[in-house]
Amino acid sequence: VQNQRFDVLAYNAVYGRLLDDMDMLPLEDRNTLWLMFTHAEWRRGLVEWEQTAHRLVAQYRLAMADHVGEPAWRALIARLSEASPEFVRVWAEHEVLGPENQTKLIMNRSVGLLRLDATNYWLGPRPGLRLTVYTPADGDARDGLEKLAADL
């Protein structure tokens, strides 16, 4: 479950180990945009990092339009700008994109490549809190997720 700012508010055990150990991250770092640009293990696990980074920044820009005066939204941009020259480059492109369901390629260090369908469900009026459900896109991904779950 994420809020509109991409803060991860809740997750199950398998998601918590999909890209790294989410439980070990400080609460203030449990933001997918922050992790995308500053966390080496997340970056390594996102097979299509460049495409994913552009899409996530464009989605954040659209969401921020409703929150442009809010300090937390500006603070995340400032924090990312200080931490990541790559974020600065992508942010400067001014792309805008709405949330979309998609297939993601995740390289998990324990079980290998996972092809996952990500489907978004809004938990109230859209936009707002969003539940993203990851389901295996093929048998290999199903087997990998089952192994990952069994290892927890």
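Nothing here was measured: the structure is a model prediction, and the numbers come from that model. (Residues numbered from 1 in each chain as written. Predicted model: local features only at pLDDT ≥ 70, side-chain atom pairs only at ≥ 80, totals over all residues. Heavy atoms only, no water.)

A. A look at the overall build of the chain. Counting its regular elements, the chain contains 7 helices and 3 strands. Starting at the N terminus, the α and β elements of the chain follow one another as α-α-α-α-α-α-β-β-β-α. Relative to its length of 152 residues, the chain is compact, with a C-alpha radius of gyration of 15 Å against a globular reference of 15 Å. For the chain, the spread of C-alpha atoms along the principal axes amounts to about 45 × 35 × 25 Å. The buried share among the 152 residues of the chain stands at 43%. Excluding contacts between residues fewer than 6 apart, the proportion of contacts in the chain whose partners are at least 24 apart in sequence is 53%. As displayed, the chain has an accessible area near 8,000 Å², and 55% of this comes from carbon and sulfur atoms. Positive and negative charge centroids in the chain, built from 17 and 22 side chains respectively, lie 2 Å apart. (Helix = DSSP H or I, 4+ residues; strand = E, 2+ residues; numbered from the N terminus. Rg over C-alpha atoms; globule rule 2.2 N^0.38 Å. Buried < 20%, exposed > 50% of the residue type's maximum accessible area, 1.4 Å probe, protein only. Contact = heavy atoms within 4.5 Å. Areas by Shrake-Rupley, 256 points an atom, 1.4 Å probe, with all protein chains shown as cover. Lys, Arg positive; Asp, Glu negative; His and termini not counted. Charge placed at Lys NZ, Arg CZ, Asp CG, Glu CD.)

B. Seen up close, the packing of helix α4 (residues 49-64) against helix α5 (residues 71-83). Axis separation between α4 and α5 bottoms out at 11 Å; the angle between their running directions is 150°. Relative to α5, α4 is oriented roughly antiparallel. When you trace α4 past α5, the crossing you get is left-handed. Taken together, the residues of α5 that come into contact with α4 (itself represented by Tyr60, Ala63 and Met64) are Trp73, Arg74, Leu76 and Ile77. (Axes fitted to C-alpha atoms, helices over the stretch in contact; angles between N-to-C directions. Parallel < 35°, antiparallel > 145°, perpendicular 65-115°, else oblique. Left-handed = near helix turned anticlockwise from the far one by under 90°.)

C. Representation of the packing of aromatic side chains. Under the criterion given, the structure shown has 8 aromatic pairs. Centroid distance Phe87 to Trp91: 5.7 Å. Interplanar angle 25°. Geometry classified as stacked. Placement of both Phe87 and Trp91 in helix α6 (residues 85-91) is noted, with a separation of 4 residues, approximately one turn of the helix. Each member of the pair, Phe87 as well as Trp91, is classed as buried. Three or more aromatic residues joined by ring pairs form one cluster here, namely Phe6, Phe37, Trp49, Tyr60, Trp73, Phe87 and Trp91. (Phe/Tyr/Trp six-rings, centres within 6.5 Å; stacked < 30°, edge-to-face > 60°.)

D. Representation of the side chain of Asn108 in the model. Structurally, the position occupied by Asn108 is in strand β1 (residues 102-108). Of note is the side chain of Asn108, whose polar atom sits 3.1 Å from the backbone oxygen of Arg17. At 2.8 Å, the side chain of Asn108 and the backbone nitrogen of Ser110 are in polar contact. Contacts of Asn108, omitting those with residues within four sequence positions, involve Arg17, Leu18, Arg44, Leu114 and Leu148. (Polar contact = N/O pair within 3.5 Å; in protein donor to acceptor, adjacent residues only side chain to side chain.)

E. Layout of the sheet that holds strand β3 (residues 130-136). The strand order β1-β2-β3 describes an open sheet built from 3 strands, whose pairing is antiparallel. Where the open sheet ends on each side, the last strands, each with one partner, are β1 and β3. Neighbour-to-neighbour, the strand axes of the sheet open up by a mean angle of 40°, direction not taken into account. Docked against the sheet, helix α7 (residues 139-150) engages β1, β2 (112-122) and β3, running at close to 90° with respect to β2. (Pairing = 2+ DSSP bridges.)

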